[in-house]
Each structure stands twice: as C-alpha cells, then as structure tokens.
Amino acid sequence: LNIPWMVVISCLIYLSLIPPVFRVSPPLPCDPCPASPVREGELPRAAFLQFSPSAPPSCQSPEHTPGLNMGNDPIPIGCSAIKPVERHGMEAVSWFLYDKDTGAIMGRTPLSWLLITIFYIVYYAFLAGFWALMLIAFFQFIDDKEPRWQQDESRIGRSPALGVRPGQTWDYIDSSMILFNKEAGEDVEGKVPGYPGWVTRTNKFLEEYKKTAPANAVDCQDGKNTEPQTTDQHNKFCQFSLTKLGACSGTEANFGYDKGEPCILLKLNRIYGLVPEYYESAEAIPAEAPQGVKDRITAAENKKQVWVSCRGENAADEESMGDVEFFPSDAAFPDYYFPYLNQPNYTSPVVAVKFKGTKVGQFIHVECRAWAGNINYDKRDRAGIAHFELLIHDKETASKVVM
C-alpha cells in the first residue's frame with residue numbers, strides 16, 4: 001500500500017529538480033537604444049547591443065526590477081545576451097567546488113543535493129523491493145532437490161553420455177588424444193610428454209572414492225544388500241568400491257602407464273531419475289553388439305546392468321590396439337547404482353579399461369559404447385559413445401616426433 005505513495009513522492013521530487021521554463025514575452029517596441037562604439041575583440045553591434053546606465057527606460061524590459069544590475073548595466077531581457085564571467089585553472093576549480101555568489105557546491109545548492117539524494121534513495125529502494133519481490137516469486141517454482149523438467153521433457157533427454165577419465169590438461173582441454181612417452185618420467189618442453197601427468201590426474205579423479213564412506217553410503221554387497229538404499233532413495237546410495245577396479249584401482253604403480261598398458265576409466269554422466277532399460281539376455285541386445293558383450297551377459301549373475309564395449313574404429317585400429325581387459329570383469333554398471341536422485345556425496349560407478357599389447361608409435365582411434373535400451377547411439381553425433389585417440393611412444397618413436 002505504501003508503494004504508490006513512494007512513486008508519487010519520487011515523481012514530485014524529480015519534477016522539482018527540473019529547471020522551470022521561462023516564458024519571455026516578445027520585446028515591446030522601444031526607441032532605438034544608444035549603442036556604444038565597438039571595441040577591439042567585441043562582435044559588431046549588429047550581433048549585440050550594449051547598454052549604458054543612461055539607456056532610455058523604454059529599452060528596458062517591463063519586468064526589469066529597478067536597481068537590479070549585472071555589473072554596471074541593468075539586466076535587459078530580449079534585447080541582448082550576457083557574456084558569462086570566464087575563469088581558468090584553479091580559480092575555475094575552486095568556483096566549481098563552491099560558488100561564493102550562489103552558495104552552490106559542485107553545481108548544486110545544498111537544497112538541490114538534498115532533494116536529489118532523497119529521490120535516488122526512494123528510486124533505488126523501489127528497485128530493490130521490486131527485485132526482491134520477483135526473486136521470491138521465482139523461488140516458488142524452483143526446487144533445489146530436483147529439476148523441474150526431467151529426461152524426455154528436458155533438453156538433456158534420457159540418453160547419458162559416456163565420459164572418459166583422466167581428462168586433459170587445460171592447455172589441451174579440447175583434445176581427446178591420450179598421448180605419452182611410457183619411458184619418460186617427466187615432461188620436457190618440445191618433446192612428447194611423459195606419463196606422470198596422466199597418473200596424477202587419474203589419482204585426482206579417484207580421490208573421492210578413497211575417502212571414508214559417508215553416513216548415507218550403503219555397502220550394497222554386489223546387489224545383495226540394497227534394501228537400505230531402495231527404502232530411502234533420495235538420501236542413501238550404493239557406495240562404489242575401488243576394489244572392483246582391480247589393477248586399475250591404484251594397486252599397480254602408475255596405473256600401467258609406465259609399461260605402455262594404461263588404465264582408462266569410463267563413467268556414465270548423471271541424469272536425474274534415469275533408470276536404464278537393461279538388456280538381460282544375449283538375444284535381447286542388438287545384433288551389432290560385439291560377441292564379447294553377449295558372452296558377458298550370458299556369464300553374468302546380475303543381468304540388469306548397462307554393458308560397456310571398446311573397440312578400434314577401423315580395421316587398422318583393431319589390429320594395433322591389442323587386447324583390452326575390463327574391471328570389474330562384467331564391464332558394466334549394475335542396476336543398484338541407479339537411479340541418481342541428487343543424493344548427498346553420491347559417487348558414480350566406474351568401469352576401467354586396461355589396454356595390453358598396444359602397438360607403440362601407432363595412432364589408434366578407440367570407441368567405447370554403453371549398451372542399454374534407452375541409450376541412443378549415433379556415431380556422427382557421438383551419442384552414447386566415448387571416442388578418444390591413443391598414442392603410446394617409447395624413446396625411439398618419441399625422438400622422431402617434433403612437438
């Protein structure tokens with residue numbers, strides 16, 4: 001109820017700051033005004049008429065107040081212009097800071113400063129109140145626990161991407177190439193980088209999994225103890241154990257990079273509320289699935305998993321890639337890690353891929369794919385897959401490379 005009064009008061013104060021518009025009546029007919037001779041530096045009298053104290057009364061404005069003079073001359077209205085007093089240097093600065101004639105401080109009188117200060121206080125108070133009101137209104141439609149639009153109703157959809165870890169350094173963040181010299185224990189400028197950087201970034205990614213399990217984490221015991229998680233899904237989650245990664249958990253020094261057998265970690269990106277559509281038999285999975293995936297489905301005790309496969313994109317890549325070993329052995333993300341419901345301290349499940357016998361100095365295109373009914377696959381748009389390049393060097397092949 002007070003807001004309209006605030007607006008009215010603000011408008012009144014604002015209007016009081018606007019200089020009034022003077023109405024000047026047309027000059028009355030008057031006798032020719034005696035003009036003084038033109039001095040050096042002055043404009044011709046055709047431009048300005050000079051008045052002296054002896055000017056006839058008929059040449060003065062009827063609104064002229066007797067005795068009100070500017071310098072030695074009466075103030076004429078409509079007959080001539082008054083040249084302002086010119087000041088320069090520090091004199092101009094001092095008169096700007098404080099005008100001794102009018103009492104103005106920096107061009108405004110104290111009353112004018114007071115009015116404009118009150119105006120802006122009211123103006124910005126109104127803006128702040130409006131902004132706060134809009135913010136309160138917006139918060140009525142925002143849930144900090146779950147997104148308003150989910151899966152098919154959102155821009156993300158319900159087909160998660162497959163991520164690769166460790167990531168690149170910031171200098172090469174737009175590159176998907178895993179390049180290192182397995183025999184170089186440090187990076188040397190102008191040469192193929194060594195393996196320690198990849199080892200460091202792998203350890204950094206796994207730090208979250210090495211911490212003490214939080215109170216809301218549940219040891220689901222490979223799916224045999226999921227009741228605590230299923231009864232309180234918005235708070236509890238199944239804790240992923242690093243022991244499932246075997247040789248890629250950090251027990252092997254340098255994650256195999258120094259031997260030319262690197263461990264690459266794969267994870268599904270989180271999508272709120274997503275429950276994958278599992279392929280529970282070799283017959284249910286699409287025919288183009290590798291035979292290795294079909295064999296793992298048949299051998300697995302838990303059929304409800306998102307399966308993972310990795311292969312060379314081309315025949316030459318397949319030939320040079322060598323063998324791959326998966327950890328855990330099912331090479332899959334079990335169902336008890338889903339759905340993700342923004343649980344505190346949640347850690348995503350991981351599948352490790354260990355490359356063995358990869359040809360040194362050979363540039364290899366690798367494609368890893370996640371298999372589930374609601375995970376789309378598009379090779380051109382890189383949907384449902386993780387693509388990266390692997391190039392392992394030794395001293396001999398690295399010496400031939402110019403960086």
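In short, a report on the structure. The structure displayed is predicted, hence computed values, not measured ones.

What counts and what doesn't
Residues numbered from 1 in each chain as written. Predicted model: local features only at pLDDT ≥ 70, side-chain atom pairs only at ≥ 80, totals over all residues. Heavy atoms only, no water. Disulfide = S-S within 2.5 Å. Helix = DSSP H or I, 4+ residues; strand = E, 2+ residues; numbered from the N terminus. Buried < 20%, exposed > 50% of the residue type's maximum accessible area, 1.4 Å probe, protein only. Phe/Tyr/Trp six-rings, centres within 6.5 Å; stacked < 30°, edge-to-face > 60°. Lys NZ or Arg CZ within 6 Å of the ring centre and 35° of its normal. Patch = residues over 30% accessible without salt bridge, like charges linked within 9 Å, V, L, I, M, F, W, Y side chains within 5 Å. Areas by Shrake-Rupley, 256 points an atom, 1.4 Å probe, with all protein chains shown as cover. Salt bridge = Lys/Arg side-chain N within 4 Å of Asp/Glu carboxyl O.

Examining the state of the cysteines
As enumerated under the stated definition, the model contains 3 disulfides in all. The disulfide partner of C220 is C238, and the gap between their sulfur atoms is 1.7 Å. Measuring the twist about the S-S bond at about -80 degrees, one finds the C220-C238 disulfide to be left-handed. Of this pair, C220 sits in the loop between β5 (217–218) and α5 (227–231) while C238 sits in strand β6 (residues 237–238), placing them 18 residues apart in sequence. Side by side, C220 and C238 carry an identical accessibility label, which is buried. In this model C248 forms its disulfide with C263; the gap between the sulfur atoms is 2.0 Å. With the S-S dihedral at roughly -75 degrees, the linkage between C248 and C263 falls on the left-handed side. Here C263 lies in strand β7 (residues 263–268) and C248 lies in the loop between β6 and β7, a separation of 15 residues in the sequence. For the pair C248 and C263, one class covers both residues: buried.

Describing the packing of aromatic side chains
Counted under the stated rule, the structure contains 13 aromatic pairs. Judged by centre distance (5.1 Å) and plane angle (70 degrees), the ring pair of Y123 and Y124 falls under edge-to-face. The class for Y123 is partly exposed, based on a relative accessible area of 35%. A cation over an aromatic ring shows up here: R108 above the ring of W113, its NZ or CZ 5.8 Å from the ring centre. If you follow R270 out to its NZ or CZ, it ends over the ring of Y340, 5.3 Å from the centre.

So, a nonpolar patch on the surface
On the surface, Y120, Y123, Y124, F126, L127, F130, L133, M134, F138, F139 and I142 cluster together into a nonpolar patch covering about 1100 Å² of accessible area. For I142, the position within the fold is in the loop between α3 (110–139) and β3 (162–165).

Structural notes on the pattern of salt bridges
Applying the stated rule across the entire model yields 7 salt bridges. The shortest N-O distance in the salt bridge between R158 and E277 comes to 3.5 Å. Of this pair, R158 sits in the loop between α3 and β3 while E277 sits in the loop between β7 and α6 (291–299); the two residues are 119 residues apart in sequence, bridging distant segments of the chain. R158 sits in the partly exposed class, given a relative accessible area of 24%. Between R311 and E367 there is a salt bridge; the shortest N-O distance is 3.4 Å. Taken together, the residues span a long stretch of sequence, with R311 in strand β8 (residues 305–312) and E367 in strand β12 (residues 364–371) at a distance of 56 residues. Among the charged side chains, a network of salt bridges with common partners joins D152, R158 and E277.

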